[in-house]
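Breakdown of the fold
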Amino acid sequence: MNQGAVATANGGSGAGSVGVQIQQSRGLPDFLQSVNLKYVKLGYHYLISNLLTLCFIPLIAAISIEASQMNLDDLRQLWLHLQYNLVSIIICSAILVFGLTVFVMTRPRPVYLVDYSCYRAPDHLKAPYGSFLEHSRLTGDFDESSLEFQRKILERSGLGEETYVPQAMHNIPPTPSMSAAREEAEDVMYGALDILFRNTNVNPKDIGILVVNCSLFNPTPSLSAMIVNKYKLRGNIRSFNLGGMGCSAGVIAVDLAKDLLQVHRNTYAVVVSTENITQNWYFGNKKSMLIPNCLFRVGGSAVLLSNKSKDRKRAKYKLIHVVRTHKGADDKAFRCVYQEQDAAGKTGVSLSKDLMAIAGGALKTNITTLGPLVLPISEQLLFFTTLLVKKLFNASVKPYIPDFKLAFDHFCIHAGGRAVIDELEKNLQLLPIHVEASRMTLHRFGNTSSSSIWYELAYIEAKGRIRNRNRVWQIAFGSGFKCNSAVWQALRNVKPSSNGPWEDCIDNYPVKLST
């Protein structure tokens, strides 16, 4: 589990113009110069990105000119030459056919995202600020200092008034039993899967691979076995249950499903991502363990993947890359999100004050690996040149931060908390629209753990922003400490599926958030 939001409080002029001259006032920057620099950089990007094509143009032109000057005698001589070298042609053709066969047999099979769904809890499970704090007071487990701390966290969290907590937490006193936890898991998983199967018209018995991830609730039989039993999945299904892997486990589950789809031909894989709150509510007074109570809310997703070529026509996306980073070898990173008991013996998840710094280091490692896979060559050259100059000539030169907006059209940043979103927006130099889906998901649904990136993608779809060949970057952080990325490419102009989580409220967003 990853509570990405550490308790931190983050807390017109005009210019006239005549002709091409800009009159500046009140110390405003020279906008004309900045616009020119912007277009210079854009032109450089296009030039470098299409350099190979530009190099081929003279060659193609030369071949075209030479071919246009050939007459019938030249063509006859060419044919006679080929006849006398029949053996060479056969050998070259055989090598070519063999090479193409090896390429086709060994290349990675494309993995398509046919569709996905997100669970939306019933309205009676909503937890407005007032009700949340009043229930916390009525339990009798929290002292005044802890209640005030939770109030401040809620005010600064970025969560809205319509997030959901499980039924057991609405009861006075709360009833965090095993049966209540199972009921929560069943409601979330089955709710998402019912929508998925209905929207895709896929028979559950056609599912060949099942991967379920839930960090803190791992009963026996497993959650994956519960799904097999509910939908009567076939007996030879490859099922996996991932536990304890935090909020980034959704990307890990997709990566596992992708690898399995490379081995098992012509089949479907379902990935279910959720977190269970019922048995993991903290009833103590240690401040670092109270934050999850304020941030985590009910949610889950179900994703249908396929390696069938026929599914390309109806699929929404194609999986391009998955990049995983694990910092668990470092002791501080390993313990920065840690489940333990407090001095009174009450179990919860403790967040280290170093969490944001560790997350930043994991992000740096992840994007260093991801960058060469997705960034245009222009950005890679700028980054490499700046790094070389810094190393060889001037240590004070600031490192060049690649412009990931040139590689991705949409960003799904794990809605772990306001601080995480703020930091990524700043460090990756993103625009407000790029983090809008993350902020609105946090506001409407809270931190739904590993499924949050799917609520965010659903938001972007509901806004009608996904166009053919657009690239989407999903990035998530989790305990361990891990930072994982998944890159998807849209196969068409994507419309939201029916029964989506934003279906009846998308027109109300974005909302203005308090600072």
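All values derive from a computational prediction rather than experimental measurement. (Residues numbered from 1 in each chain as written. Predicted model: local features only at pLDDT ≥ 70, side-chain atom pairs only at ≥ 80, totals over all residues. Heavy atoms only, no water.)

**As for helix α15 (residues 418-427)**
Residue pairs three or four apart in sequence face the same way in an α-helix, which turns once every 3.6 residues. Note the threshold: Exposure categories follow from relative accessible area, calculated using a 1.4 Å probe and restricted to protein chains: below 20% of the type maximum is buried, above 50% is exposed, and the middle band is partly exposed. The numbering of helices and of strands both runs from the N terminus, where a helix is a DSSP run of H or I of at least 4 residues and a strand a run of E of at least 2. Throughout, a contact is declared for two residues whenever any of their heavy atoms are within 4.5 Å.
The buried fraction of α15 amounts to seven of the 10 residues, a majority that puts the element mostly inside the structure. Those residues of α15 lying buried are Arg418, Ala419, Val420, Ile421, Asp422, Leu424 and Glu425. Looking at the buried residues of α15, the elements they touch are α6 (144-157), α13 (355-374), β11 (410-413), α16 (436-445) and β12 (471-478). A positive backbone phi angle near 55° is found at Gln429, which sits one or two residues after α15.

**Looking at the pattern of salt bridges**
Spelled out, the test is: We define a salt bridge as a side-chain nitrogen of Lys or Arg found within 4 Å of a carboxyl oxygen belonging to Asp or Glu.
By the definition in use, this model includes 19 salt bridges. For Asp255, the salt bridge is made with Lys258, and the minimal N-O distance between the two is 3.1 Å. Here the residue Asp255 and the residue Lys258 both occupy positions in helix α10 (residues 249-263), the gap between them amounting to three residues, near one helical turn. In this structure Asp255 comes out as buried when scored by relative accessible area, which is 8%. Exposure remark for Lys258: the relative accessible area of 22% places this residue in the partly exposed category. For Asp255, the salt bridge goes to Arg324, with nearest N and O atoms at 2.9 Å. Here Asp255 is found in helix α10, whereas its partner Arg324 is found in strand β8 (residues 317-326), with 69 residues between them in sequence. We classify Arg324 as partly exposed; its relative accessible area is 44%. It is possible to trace a salt-bridge network through shared partners that takes in Asp123, Lys126, Glu162 and Arg444.

**Quick word on the packing of α15 against α16**
Operational definition: To define axes, lines are fitted to C-alpha atoms, for helices over the stretch in contact only, and angles between the resulting N-to-C directions are given on a 0 to 180 degree scale. Working rule for angles: under 35 degrees goes down as roughly parallel, over 145 as roughly antiparallel, 65 to 115 as roughly perpendicular, anything else as oblique. All residues other than Ala, Val, Leu, Ile, Met, Phe, Trp, Tyr, Cys, Pro, Asp, Glu, Lys and Arg, Gly among them, are scored as polar; the first ten of these are nonpolar and the last four charged.
Running from N to C, α15 and α16 cross one another at 175°; their axes reach a closest spacing of 10 Å. Taken together, the axis directions place α15 and α16 in an arrangement best described as roughly antiparallel. Contacts from Arg418, Ile421, Asp422 and Glu425 in α15 reach Ser438, Arg439 and Leu442 in α16. Here the residues of the contact of α15 with α16 are counted per class, giving two nonpolar, one polar and four charged.

**Comments concerning the packing of α16 against helix α17 (residues 452-462)**
The condition is simple: Note on convention: near helix rotated counterclockwise from far helix by under a right angle means a left-handed crossing. Clockwise means right-handed.
Two elements in contact, α16 and α17, have axes whose closest approach is 9 Å; the angle formed by their N-to-C orientations is 115°. Relative to α17, the element α16 lies roughly perpendicular. The crossing of α16 and α17 is right-handed. Across the interface between the two elements, Glu436, Ala437, Ser438, Met440, Thr441 and Phe445 of α16 pack against Ser452, Tyr455, Glu456, Tyr459 and Ile460 of α17. For the contact of α16 with α17, a count of residues per class yields six nonpolar, three polar and two charged.

**Let's talk about unusual backbone geometry**
A cis geometry characterises the amide bond from Ile172 onward to Pro173, with omega recorded as -5°. Along the chain, Pro173 turns up in the loop between α7 (167-170) and α8 (178-200). Of note, the bond from Tyr509 into Pro510 is cis; its omega dihedral lies within 30 degrees of zero at 5°. Positive phi is not limited to glycine here, since Ser449 has a value of about 65°.

**So, the sheet that holds β11**
Put simply, the rule reads: Only when DSSP finds a minimum of two bridges between them are two strands counted as paired.
Strand order across the open sheet formed by nine strands is β5-β4-β6-β7-β3-β8-β13-β12-β11, with mixed pairing between neighbours. Both outer strands of the open sheet, β5 (238-242) and β11, are each paired with one neighbouring strand and no more. Across the sheet, the axes of successive neighbouring strands diverge by a mean angle of 20°, strand direction being ignored. Relative to strand β7 (residues 300-306), strand β6 (residues 268-274) is paired through seven bridges, and the arrangement is antiparallel. Its bridge partner lying in β7, Ser273 is registered against Ser301.

**Some thoughts on the packing of aromatic side chains**
Selection criterion: Paired rings are identified among Phe, Tyr and Trp, the last through its six-membered ring, by centres lying within 6.5 Å, and are further divided according to the angle between planes into stacked (under 30 degrees), edge-to-face (over 60) and tilted (the rest). Charge over a ring is defined by NZ of Lys or CZ of Arg lying within 6 Å of the ring centre and within 35 degrees of the ring normal.
Under the criterion given, the structure shown has 16 aromatic pairs. Look at Phe334 and Tyr338: their rings are 6.1 Å apart centre to centre, the planes differ by 70°, and that puts the pair in the edge-to-face class. Owing to a relative accessible area of 25%, Tyr338 belongs among the partly exposed residues under this scheme. An aromatic cluster is present here, built from Phe445, Tyr455, Tyr459, Trp502 and Tyr509 joined pairwise through their rings. The side chain of Arg444 reaches across the aromatic face of Phe445, ending 4.8 Å from its centre.

**Quick word on the side chain of Thr200**
Rules: In protein, a polar contact requires one atom able to donate a hydrogen and another able to accept it; more generally it is a pair of N or O atoms within 3.5 Å, and residues adjacent in sequence count only if both atoms are side-chain atoms.
Position of Thr200 relative to the elements: it lies in helix α8. On the accessibility criterion, Thr200 (4% relative accessible area) is buried. Within the structure, Thr200 has its side chain in polar contact with the backbone oxygen of Leu196 (distance 2.8 Å).

**Observations regarding helix α9 (residues 223-231)**
What counts, and what does not: Of all possible arcs, the one meant is that of the directions from the helix axis to the C-beta atoms.
Turning to α9, its buried residues are Leu223, Ser224, Met226, Ile227 and Tyr231. Projected onto a plane normal to the axis of α9, the buried residues spread over an arc of 155° and lie on a single side. Its buried side turned inward, α9 meets α8, β4 (207-213), β5 and β6.

**Comments concerning the environment of Asp187**
When you line up the elements, Asp187 lands in helix α8. For the pair formed by Asp187 and Gly299, sequence separation is 112 residues and the distance between their alpha carbons is 9.8 Å.

**A look at the nonpolar core**
Filter applied, for reference: Throughout this description, the term nonpolar core refers to a set of buried Ala, Val, Leu, Ile, Met, Phe, Trp, Tyr and Cys residues connected via side-chain atoms within 4.5 Å.
Ile227, Leu305, Tyr317, Trp454, Trp473, Phe481 and Trp488 are the most contacted members of the largest nonpolar core, which totals 132 residues. Ranked by the residues each element gives to this core, the list is headed by α8, at 10 residues.

**Notes on the side chain of Ser450**
Within the element layout of this structure, Ser450 appears in the loop between α16 and α17. Excluding residues that lie within four positions of it along the chain, Ser450 makes contacts with Asn213, Gly246, Cys247, Ala249, Gly250, Ser273 and Thr274.

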